[in-house]
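Fold and contact review
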Amino acid sequence: MRSSAPQVVRRLLPACSGNDANGGASDDCGATRAACPPGQLMFFVWQAPATDGVASGPFTQTGRVCRVPFQPGEPGAPDAVEALVLPVMTQADFQRLPLPAGRSGVEPASGEVLVAMPTNTYAVAEPVTLQTDLLGFPVTVRATPVAYSWDYGDGTVIGPTSEAGAPWPDLRVTHVYERAGEYAITLTTHYEGEYSVLGGPFLPVPGQAQVTSDPEPVVAFEGRTAPVADPLR
């Protein structure tokens, strides 16, 4: 069974000048109709933390919404307070999001590397903001790449490490192949996240999500030495 975040209470009030969480103008002011489709009115959305369905902290405005006018006594009407139990985003929810794969850089860029010489690798990944929903509630998710794992295809794995690496000549994450052959280098990007339900405060997502990039093929060659003529003669 999905656990729940702390309760909140929500109040919708006509988007009229001077309205606040304690009430104010009627729903007949022109501002409520200016930006909404015909037949709908605009309402301020006020929200507060709650305990047992009762506000336990100050109301803050979290947005606006267009909807048809409330009927007297309708749940959520301007004279009513609606208690909501917000869902929690789990690690499984986070993992299901379409997080972007990091871009893996491999140098030499040709994909042809030398045995016994360092092959340079680095990751390029940026924070992203996504919109989703949980149990019908709108949710904003902010995901930040925090670690990287490298599988070099020869049994060697580095990470997770917070070091993303860097292009040449700043070599931070490298690997030396010991045998000639064809390999595939695979990057996995590890994200941490935080989420906001109904415009409320951002809360941390437990655990991390992982996204694996497409493998980058490389071919390792054995270098050979050979005598050459003295170029100075």
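Residues numbered from 1 in each chain as written. Predicted model: local features only at pLDDT ≥ 70, side-chain atom pairs only at ≥ 80, totals over all residues. Heavy atoms only, no water.

Side note on the overall build of the protein
Secondary structure assignment for the protein yields two helices and 16 strands. Once local pairs closer than 6 in sequence are excluded, the contacts in the protein between residues at least 24 apart make up 66%. Carbon and sulfur atoms form 54% of the exposed surface of the protein, whose accessible area is close to 13,300 Å². (Helix = DSSP H or I, 4+ residues; strand = E, 2+ residues; numbered from the N terminus. Contact = heavy atoms within 4.5 Å. Areas by Shrake-Rupley, 256 points an atom, 1.4 Å probe, with all protein chains shown as cover.)

Brief notes about the pattern of salt bridges
Going through the model one piece at a time under the given rule, you end up with four salt bridges. Residue E194 is joined to R142 by a salt bridge in which the shortest nitrogen-to-oxygen separation is 2.8 Å. Of the two residues, E194 is situated in strand β13 (residues 181-197) and R142 in strand β10 (residues 137-151); the sequence distance between them amounts to 52 residues. Classification of E194 by relative accessible area gives partly exposed; the value is 29%. Its salt-bridge partner being R172, residue E163 comes within 3.4 Å of it at the nearest N-O pair. For E163, a relative accessible area of 29% gives the class partly exposed. A relative accessible area of 47% means that R172 is categorised as partly exposed. (Salt bridge = Lys/Arg side-chain N within 4 Å of Asp/Glu carboxyl O. Buried < 20%, exposed > 50% of the residue type's maximum accessible area, 1.4 Å probe, protein only.)

Side note on the environment of L12
As for its position among the elements, L12 is in strand β1 (residues 4-14). Take L12: its relative accessible area is 10%, and that puts it in the buried class. Taking the C-alpha atoms as reference, L12 lies 6.2 Å from W46; in sequence the two are 34 residues apart.

Focus: the environment of P49
Mapped onto the secondary structure, P49 falls in strand β2 (residues 41-51). For the pair formed by P49 and V9, sequence separation is 40 residues and the distance between their alpha carbons is 6.3 Å. Ignoring sequence-local partners within four residues, the contact set of P49 consists of Q7, V8, V54, A55, S56, G57 and P58.

Overview of the confidence of the model for the protein
Averaged over every residue, the pLDDT of the protein is 83; the share at 70 or more is 79%. Mean pLDDT across the elements of the protein ranges from a minimum in strand β5 (residues 82-87), with 64, to a maximum in strand β15 (residues 209-212), with 98. (pLDDT = per-residue confidence, 0-100.)

Thoughts on the sheet that holds strand β12 (residues 174-176)
If you walk across this open sheet you meet the three strands as β6-β8-β12, and the pairing is antiparallel. Every other strand in the sheet has two partners, leaving β6 (103-107) and β12 as the edge strands with one partner each. Pairwise comparison of adjacent strand axes, ignoring direction, gives a mean angle of 25° for this sheet. Where β6 meets strand β8 (residues 118-124), five bridges bridge the pair, whose relative direction is antiparallel. Residue pairing in the sheet places E107 in a bridge with N120 of β8. (Pairing = 2+ DSSP bridges. Axes fitted to C-alpha atoms, helices over the stretch in contact; angles between N-to-C directions.)

A look at unusual backbone geometry
Here the bond from E107 into P108 is cis, since omega is 10°, no more than 30 degrees from zero. Secondary-structure assignment places P108 in the loop between β6 and β7 (112-114). With a phi angle near 70°, A116 is a residue other than glycine that sits in the positive phi range. Among the structural elements, A116 can be located in the loop between β7 and β8.

Some thoughts on the pairing of β10
In the sheet, strand β9 (residues 128-134) pairs with β10 via seven bridges, with the strands oriented antiparallel. Residue pairing in the sheet places T132 in a bridge with V139 of β10. The turn joining β9 and β10, which pair antiparallel and follow one another in sequence, is formed by two residues; a positive phi near 50° is taken by L135. Alignment of β10 against β13, held across twelve bridges, turns out to be antiparallel. If you follow V139 over to β13, its bridge partner there is V197.

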